[in-house]
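The primary structure of each chain is shown beneath.
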Amino acid sequence: MKKMLLLVLFSFLFLGTASSQSSNVSASSVNVEAMSDAQIEKIIAKMDANGMSLEEAISLARARGASQTQIDQMVAKINAYKSGARTTAATNSDSGANEESLSDEVQVSTKEVVDASAKNRNTFGYHFFNSENLSFEPSTSVPVSESYSLGIGDEVNIAVYGASQQTYQLSVQKSGSISIPDLGPVYVYGIAFGEAKEKIKNRLISIYNGMSGDRPNTFVDISMGSLKGVKVNVIGEVNLPGTYSLPATASAFNALYLAGGPNENGSFRAIDVLRDGKLLTSIDVYVYLIDGNTQNNIQLRDQDVILVRPYLNRVKIAGEFKRTGLFEAKKDETVADLLRYAGGFTDRAYTHRLELYRNNTRTLSFKDVPADQFSQVQFMNGDSLVAGALSERFENRVSIGGAVYRPGNYELTENLMLSDLIKEADGLKEEAFMERGVITRKMKDMSLKAISFSLVDMLNGSYDIALQKEDRIQISSKFDMREARTVEIVGEVQFPGTYAWADKLKIGDLVFQAGGFKENAEVSGIEVSRVLDENEISKLTNSLLHTYQFSLDRDLKFDAETESFELKPFDKVYVRRAPGYRPQGVVSLQGEVLFAGDFGISRKDEKISDIINRAGGVSPEAYVRGASLRRKIVLSEVEYQAKLALVAQDSTMKKEDVDREEYQIVGIDLADILAHPGQGGDLEVHAGDQIFVPSKMETVMVSGAVLSPVAHTYTTKKKLKEYIFNSGGFAQSAKKGKVYVLYANGTTEATKSGLFARHYPKVEPGCEIIVPKKPEVDKAANASKWLAIASTFAALITAIAVAVN
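Residues numbered from 1 in each chain as written. Predicted model: local features only at pLDDT ≥ 70, side-chain atom pairs only at ≥ 80, totals over all residues. Heavy atoms only, no water.

Asker: Mind laying out the overall build of the protein chain, listing which residues take part and the relevant values?
Answerer: Secondary structure summary: the protein chain contains 21 helices and 37 strands in total. Per-residue burial over the protein chain gives 38% buried out of 805 residues. If you take every contact in the protein chain between residues at least 6 apart in sequence, the share linking residues at least 24 apart comes to 62%. Working note: accessible area of the protein chain is about 46000 Å², and carbon and sulfur atoms make up 50% of it. (Helix = DSSP H or I, 4+ residues; strand = E, 2+ residues; numbered from the N terminus. Buried < 20%, exposed > 50% of the residue type's maximum accessible area, 1.4 Å probe, protein only. Contact = heavy atoms within 4.5 Å. Areas by Shrake-Rupley, 256 points an atom, 1.4 Å probe, with all protein chains shown as cover.)

If you want it as structure tokens, here you go:
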């Protein structure tokens, strides 16, 4: 039995290109090279199902008449398939044993980009055919359903197995039928695949008796082979009208998707499908979009025409609807219908009335649509329907805030009294201000009215008031009714600042809260300043504050005097710095000294010579006349803000160029300081000072308006002008009378003009001779100036001459 089944399979595959073959035809005529991967897969599946080895299958094929070349080709194809090297046709098809797939040879049209207008994109249904997430693009790799209608050119495969074996590969002819050998034509065009299978099976029973009866021994498997694609014309009001190639299983939505759907003038509710010049069906896309019903989305056939007609009634939906945009209304459809298409109202919609704006061809009219007329009011083309939003107005709300345990909004129930609302808010807080509360009431004309009440009277039952909607009750805390009571501590404590005042607060308590004293605090002179009391400020006097002096223990031990003094609100405590305390100051000494480095300033009057002596003096290589001092200058807040103000007025300066800390060069004569320590030139050192003692210098730099700025070897025999001449002499732009010398210690000396000659500064090692430049002169401007003067002068002469004559 297994061998017979396999023989039937080989016969079917070897003779697959024929329309019909009998079981006794030789396998030698089969073109193995032309066999598809789907056929190879079926051979392997049948071999596995029947437990046959490849060698047994080869023997049967050879007995059937297959040549060795055919067998070798078959073995190669089977091995190639098992290794995954499939052909393109097999890769693109669905090769499931029980799934009938579309032919991958169908070249379907592809979706093009739609350049739609803004109105088109705003039309309900547009995104259905032009969404990136929803695609109706037809696929060529889907199983053929039982409802598929057979068309001209479709291929039907019939495999008879069991007691009888036979295979047929038949195509639907132009006559609409398939021709089964020994049976004749069977008309299958246009009928469902499931119905066609039953029709073919019933015809086969006439020649295969084993298929009938209660215990049949012959069976048939009917499947679809390759399917011929269809060409469909999409015309009318569509975005991309034209002819589209589609798979045989394509539906109307597939074609409309490729055409981009209706354009801004197209109807989504009157799309006609024409076949052989006659109306086959009319599609309403809303039926699918709203209800998901695809009943009219029929399967297309070759040369079908899809006609999208212009819309009839277009209505604009705006406001608080779930869907907004342009909708299409059929004849006799009402507001209720479009409300369903729009998905209903949003949660913020005012649903009792809609606004209908109507185009009367010449003017516009407005119509109220109350809720009870939604199912009666019909639409006209150009109507606009607007749903308003709920107003922020409550019918039964009151609110209470302030010193109650549950502030917030409450329902205004019938006969709700003020006392009832306070109870609902869990009562008053302990700190509630009992003397006064206020009800802010909104009147009918939307003006506000203040109603005051006493909580004391309300609690003892002598007063109560009925509340109205939108009443706002404010009950304040006694802390809200007075200025925040604080005390402040400044000076030498860890955390100076403002702290909350408390009854019985002592000075030591405040110092404790501020983290205690700093090491530099003077605890014997703590001062407290206190503002004048109510009685004192009622009179005009010279007094501004009261001050008190106290001495505290550094460890905040209790003291009878200070413990008896209690701080009052707004007191200010001053903890001053001890008079002998100074932060450690450091002077940096670098260069040619024996012990260069940083030195702490030990005395207020410590001088430069003292620091040099502490460093062991200068080294033999030191050039003391070139020693310099850089002093750290820290700008005060006033100075810093003044500089910023100057920067704001000067466009050439930037705020980033202003530093709060900067260094200035201070000219010193270290040789004189060391020769006469403690004298006028021996300055006192400050924290941050930087003293530098250079090594011996042997050069002189010439720069500025000379022909060759360069450094020269210092010699005592040369004067300043000789150094300039050695640099090529003065340039044409040089200001010879303004030559000056910048010495190594940071000081400068300028040229002095005498009665008969200039006196140039003395040259020392390490100095720089600087020759300034003359400012550039605009000769053209000067010429214009002299011309103007000459013209004025000539005019003056002419005027005088005329006057004389």
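Having seen it, we continue.
Asker: Mind laying out the side chain of glutamate 333, listing which residues take part and the relevant values?
Answerer: Along the polypeptide, glutamate 333 turns up in the loop between strand 12 (325-329) and helix 11 (335-341). Residue class for glutamate 333 comes out buried when judged on its relative accessible area of 10%. Engagement of the side chain of glutamate 333 in a polar contact is seen with the backbone nitrogen of lysine 330, the distance being 2.9 Å. Sequence-distant contacts of glutamate 333, that is, excluding residues within four places in its chain, are made with Arg269, Glu328, Leu338, Tyr341, Val377, Gln378 and Phe379. (Polar contact = N/O pair within 3.5 Å; in protein donor to acceptor, adjacent residues only side chain to side chain.)

Asker: I'd like a description of the sheet that holds strand 11 (residues 313-319), backed by residues and values.
Answerer: Strand order in the open sheet made by the five strands is 12-11-15-13-14, with mixed pairing throughout. At either margin of the open sheet sits one strand with a lone partner, and together these are strand 12 and strand 14 (364-370). Adjacent strand axes in the sheet meet at a mean angle of 25°, parallel and antiparallel pairs treated alike. Judged from the four bridges that link them, strand 11 and strand 15 (residues 384-387) form a sheet pairing that is parallel. Among the inter-strand pairings, alanine 318 is bridged to a residue of strand 15, identified as valine 386. (Pairing = 2+ DSSP bridges. Axes fitted to C-alpha atoms, helices over the stretch in contact; angles between N-to-C directions.)

Asker: For the pairing of strand 25 (residues 572-575), give the residues involved together with the corresponding values.
Answerer: Only one face of strand 25 is covered, namely the one carrying Val573 and Val575; the face carrying Lys572 and Tyr574 has none of its residues buried. Note: strand 21 (residues 486-491) against strand 25, four bridges, orientation parallel. Of the residues in strand 25, the one forming a bridge with valine 490 is tyrosine 574. Pairing of strand 23 (residues 526-531) with strand 25 involves three bridges; the strand directions are antiparallel. Note on strand 25: the bridge partner recorded for serine 529 is lysine 572.

Asker: Explain the nonpolar core residue by residue, including any values.
Answerer: Ranked by internal contacts, the top residues of the largest apolar core, which has 51 residues, are Ile306, Phe321 and Leu354. Top element by residues in this core is helix 9 (residues 252-258). It accounts for six residues. Leave out the neighbours within four places in its chain, and leucine 354 touches Phe321, Val335, Phe345, Lys367, Asp368, Val369, Phe374, Leu385, Val386 and Ala387. In terms of nonpolar packing, the next biggest core, distinct from the first, is built from 26 residues, Val144, Val156, Val172 and Ala196 among them. (Core = buried A, V, L, I, M, F, W, Y, C linked by side-chain atoms within 4.5 Å.)

Asker: Describe a positive patch on the surface, naming the residues involved and giving the relevant values.
Answerer: A cluster of basic side chains, namely Lys721, Lys735, Lys736, Lys738, Arg758 and Lys774, defines a positive patch on the protein surface. Take lysine 738: it is sitting in the loop between helix 20 (720-726) and strand 33 (740-742). (Patch = residues over 30% accessible without salt bridge, like charges linked within 9 Å, V, L, I, M, F, W, Y side chains within 5 Å. Salt bridge = Lys/Arg side-chain N within 4 Å of Asp/Glu carboxyl O. Lys, Arg positive; Asp, Glu negative; His and termini not counted. Charge placed at Lys NZ, Arg CZ, Asp CG, Glu CD.)

Asker: Help me get a handle on a nonpolar patch on the surface, residues and values and all.
Answerer: A cluster of nonpolar side chains, contributed by Phe793, Leu796, Ile797, Ile800 and Val804, occupies part of the molecular surface with about 520 Å² of accessible area. Among the structural elements, phenylalanine 793 can be located in helix 21 (residues 779-804). The class for phenylalanine 793 is exposed, based on a relative accessible area of 53%.

Asker: Outline the packing of aromatic side chains, supporting the account with residue identities and numerical values.
Answerer: Overall, the coordinates contain 15 aromatic pairs when judged by the stated rule. Note on phenylalanine 129 and phenylalanine 268: the rings are 6.5 Å apart at their centroids and 20° apart in plane angle, and the pair reads as stacked. Here phenylalanine 129 is found in helix 7 (residues 126-129), whereas its partner phenylalanine 268 is found in strand 8 (residues 266-275), with 139 residues between them in sequence. Its relative accessible area of 1% is what places phenylalanine 268 among the buried residues. (Phe/Tyr/Trp six-rings, centres within 6.5 Å; stacked < 30°, edge-to-face > 60°.)

Asker: How would you summarise a negative patch on the surface if you had to cite specific residues and measurements?
Answerer: Together, Asp553, Asp555, Asp559 and Glu561 make up a negatively charged patch on the protein surface. Tracing the chain through its elements places aspartate 555 in the loop between strand 24 (545-550) and helix 16 (560-563). Judged by its relative accessible area of 61%, aspartate 555 falls in the exposed class.

Asker: Which residues make up the environment of phenylalanine 692, and what values do they have?
Answerer: On the secondary structure map, phenylalanine 692 appears in strand 30 (residues 690-693). Taking the relative accessible area as the measure of exposure, phenylalanine 692 reaches 41% and is therefore partly exposed.

Asker: Got a sec to walk through the sheet that holds strand 28 (residues 628-634)? Specific residues and values, please.
Answerer: Pairing is mixed across the open sheet formed by five strands, whose spatial order is 27-26-30-28-29. The sheet terminates laterally at strand 27 (597-600) and strand 29 (661-666), the two strands that pair on one side only. Averaged over all neighbouring strand pairs, the angle between strand axes comes to 25°, with direction disregarded.

Asker: If you had to explain the pattern of salt bridges to someone new, which residues and values would you point to?
Answerer: Where side chains of opposite charge bring their charged atoms close, a pairing between them can arise. Applying the stated criterion across every chain, the model contains 26 salt bridges. A salt bridge links glutamate 333 to arginine 269, with the shortest nitrogen-to-oxygen separation between them at 2.5 Å. Separated by 64 residues along the polypeptide, glutamate 333 in the loop between strand 12 and helix 11 and arginine 269 in strand 8 bring together distant segments of the chain. Across this residue pair, the class does not change: glutamate 333 and arginine 269 are buried. Taking the shortest distance from any N to any O, the salt bridge between lysine 632 and glutamate 661 comes out at 3.5 Å. With a gap of 29 residues between them, lysine 632 in strand 28 and glutamate 661 in strand 29 connect regions that are remote in the sequence. Looking at lysine 632, the relative accessible area reads 32%, which means it is partly exposed. Under the relative-accessibility criterion, glutamate 661 is labelled partly exposed at 47%. The network of salt bridges with shared partners includes Arg269, Asp284, Lys330 and Glu333.

Asker: I'd like to hear about the environment of valine 624, residue by residue, with values.
Answerer: With respect to the secondary-structure elements, valine 624 resides in the loop between helix 17 (608-614) and strand 28. Sequence spacing of valine 624 and leucine 674 is 50 residues, and the spatial spacing of their C-alpha atoms is 9.1 Å. Ignoring sequence-local partners within four residues, the contact set of valine 624 consists of Val618, Leu670, Ala671 and Leu674.

Asker: Give me the lowdown on unusual backbone geometry, citing residues and values where you can.
Answerer: Outside of glycine, negative phi angles account for most residues, and trans bonds account for most peptide bonds. With a phi angle near 70°, aspartate 182 is a residue other than glycine that sits in the positive phi range. Note on placement: aspartate 182 falls in the loop between strand 3 (177-180) and strand 4 (184-187).

Asker: Can you lay out helix 2 (residues 37-50) for me, pointing to particular residues and giving the numbers?
Answerer: The terminal C-alpha atoms of helix 2 lie 20 Å apart, and with 14 residues this matches the ideal 20 Å at 1.5 Å per residue to within 8%. Listed in full, the buried residues belonging to helix 2 are Asp37, Gln39, Ile40, Ile43, Ile44, Met47 and Asn50. What you see down the axis of helix 2 is that its buried residues fit within an arc of 165°, all on one side. Residues of helix 2 that are exposed and angled more than 90 degrees away from the buried face: Asp48 and Ala49. (Expected span 1.5 Å × (residues − 1). Arc of directions from axis to C-beta.)

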